[in-house]
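The chain contents come next:
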Amino acid sequence: MSASQTSDVPTLLVKIFGKDRPGITAGLFDTLAAYSVDVVDIEQVVTRGRIVLCALVTEPPKGLEGDLRATVHSWAESMKMQAEIISGIGDNRPRGLGRSLVTVLGHPLTSEAAAAIAARITRAGGNIDRIFRLAKYPVTAVEFAVSGVETEPLRTALVTDAAMLGVDVAVVAAGLHRRAQRLVVMDVDSTLIQDEVIELFAAHAGCEDKVAEVTAAAMRGELDFEQSLHARVALLEGLDASVVDKVRSEVRLTPGARTLIRTLKRLGYQVGVVSGGFTQVTDDLKDRLGLDFAQANTLEIVDGKLTGRVTGEIVDRAGKARLLRRFAAEAGVPLSQTVAIGDGANDLDMLNAAGLGVAFNAKPVVRQAAHTAVNFPFLDTVLYLLGVTREEVEAADMLDAD
């Protein structure tokens, strides 16, 4: 009898638990094979050297169940393990409609936070089908597979609790499309890099304080970006063009930026940046990091001096969303399978247009509007929101080292 025909036939749940060692899974199924049972489901978890192995199998031929039970218990005892066998009918209960993946990031992830998140999922009408750890450092990241509630109401239910509990929570729809997301587009200033590029230029022009004040107001959404851009760039008039190389050397990548990009590229993603900063820096970053796309404003330089103006199309809030769509079209990726990452009000349209918008160490107005927020200073934690484990990152790094 095939496993697909077990909806109303007697089945046995065989549970083995104890100290993990090689050969346990093979040994159990070798033992069961003598009784001509079919495998309906298998699940195995190993935590700190302890294994829990569950096998759901069809009932053996009439008269052999007692012998099967005795043999499994005898085998388990020989392995210094424990066995439990439970009779029942059919397969596991079908999962409810509406399936989501809830990723929780904590540093640390407290038991109180885990309890509150689990309880909130239950109150929202969801059932936790499986929990899996994605990473233990630089943050603890765990993934809950949830069924029985649609993604959007579940996300809404969890966002407020997450902020109060001091953890980050991302809720995405489960399905093949999660692994099919093939374009990631990032903001640059205070996202890909730790700096605000115009402030680096301003430091060389002696007007850093004035520029920083305008930048902060623009990122909080208090000023129109284009007007603030022109006002700040005007303060750079007369600066020698040789400062471009100096600024490039001063740019500091955000911790985890190289790991994020390197891992995404290995997974087959295309990666781009859009910036309200300047092509004089983003073009260099594109070359250094192997990015597929890069677009920013361009500082005008005449006779070896900055004129205090920008040329070409302005990359502002609407421009970033427009560029996300353009990059997606060029990459052949549906907009629903894009990921956007940013920190300021200037990124909001882009974050909302993407399939998944991630507010990275963002201002409050951005955290509230984005699909999810990451409030840890490591850019590679975004990988966990895509279901990539720390072990997969490290394994890929080791392959490169070889």
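The structure we're discussing is the one just above.
As the structure is a prediction and not an experimental result, all values here were calculated from the model.

Conventions adopted
For every chain, the first residue of the written sequence is number 1, and numbering continues from 1 onward in sequence order. For this predicted model, a pLDDT threshold of at least 70 governs which residues receive local features, and a threshold of 80 or more governs which side-chain atom pairs are given and counted, while totals over whole chains, interfaces and linings are taken from all residues. Hydrogens and water are ignored here; the side-chain numbers use all heavy atoms of the structure. Here the aromatic set is Phe, Tyr and Trp, taking the six-membered ring for Trp, and pairing holds for ring centres within 6.5 Å; pairs whose planes are under 30 degrees apart are stacked, those over 60 apart are edge-to-face, and all others are tilted. Runs of E in the DSSP output that reach at least two residues are strands. Runs of H or I that reach at least four are helices, and both are numbered from the N terminus. When a residue's accessible area, from a 1.4 Å probe over protein chains only, is under 20% of the maximum for its type it is buried; when over 50% it is exposed; and in between it is partly exposed. Any Lys NZ or Arg CZ found within 6 Å of a ring centre and within 35 degrees of that ring's normal is scored as a charge over the ring. When DSSP finds two or more bridges between two strands, those strands count as paired. Axis angles are defined between N-to-C directions and span 0 to 180 degrees, where every axis is a line fitted to C-alpha atoms and, for a helix, only to the segment in contact. In plain words, nonpolar cores are sets of buried Ala, Val, Leu, Ile, Met, Phe, Trp, Tyr and Cys residues tied together by side-chain atoms within 4.5 Å. Bear in mind that the domain bounds are from an automatic or database domain assignment. Pairs of residues are marked as contacts when any of their non-hydrogen atoms sit within 4.5 Å.

Asks: Which residues make up the packing of aromatic side chains, and what values go with them?
Replies: The tally for this structure, following the rule as stated, stands at 2 aromatic pairs. Summarising the aromatic geometry, the rings of Phe201 and Phe278 are spaced 6.0 Å apart at their centres and angled 85° between planes, so their arrangement reads as edge-to-face. Taken as a pair, Phe201 in helix 5 (residues 197-205) and Phe278 in strand 10 (residues 270-278) lie far apart in primary sequence, 77 residues in all. Grouping residues by exposure puts Phe201 and Phe278 together as buried. The interplanar angle of 15° and the centroid separation of 4.7 Å between the aromatic rings of Phe293 and Phe327 together place this pair among those described as stacked. Here Phe327 lies in helix 11 (residues 317-331) and Phe293 lies in strand 11 (residues 293-302), a separation of 34 residues in the sequence. Residue Phe293 shares its accessibility class with Phe327, and that shared class is buried. Above the face of the Phe17 ring, Lys15 is positioned so that its terminal group lies 5.4 Å from the ring centre.

Asks: Please provide a residue-by-residue account of the sheet that holds strand 9 (residues 183-186), values included.
Replies: Through backbone hydrogen bonds, the strands of a sheet pair up, either in parallel or in antiparallel fashion. Pairing within the open sheet is mixed, and its 7 strands lie in the order 12-11-10-9-13-14-15. One side of each edge strand has no neighbouring strand; the edge strands of this open sheet are strand 12 (305-311) and strand 15 (372-374). Neighbour-to-neighbour, the strand axes of this sheet turn through a mean angle of 25°, independent of strand direction. One ladder, built from 3 bridges, connects strand 14 (residues 356-360) with strand 15; its direction is parallel. The residue of strand 15 that forms the bridge with Ala359 is Ala373.

Asks: Give me the nonpolar core: which residues, what numbers.
Replies: Counting 63 residues, the largest nonpolar core has Met186, Leu192, Phe201, Phe278, Leu285 and Ile341 as its most contacted members. At 5 residues, the largest contribution of residues to this core is made by helix 5. Residues from two domains meet in this core; each of domain 2 (100-175) and domain 3 (183-397) gives at least three. Ignoring anything within four residues of it in the chain, the contact list for Ile341 reads Val184, Val185, Met186, Asp187, Thr191, Leu260, Met350, Leu351, Val358, Phe360, Leu379 and Val382. The next biggest cluster of nonpolar side chains, apart from the first, holds 22 residues, and it includes Phe293, Phe327, Leu348 and Ala353.

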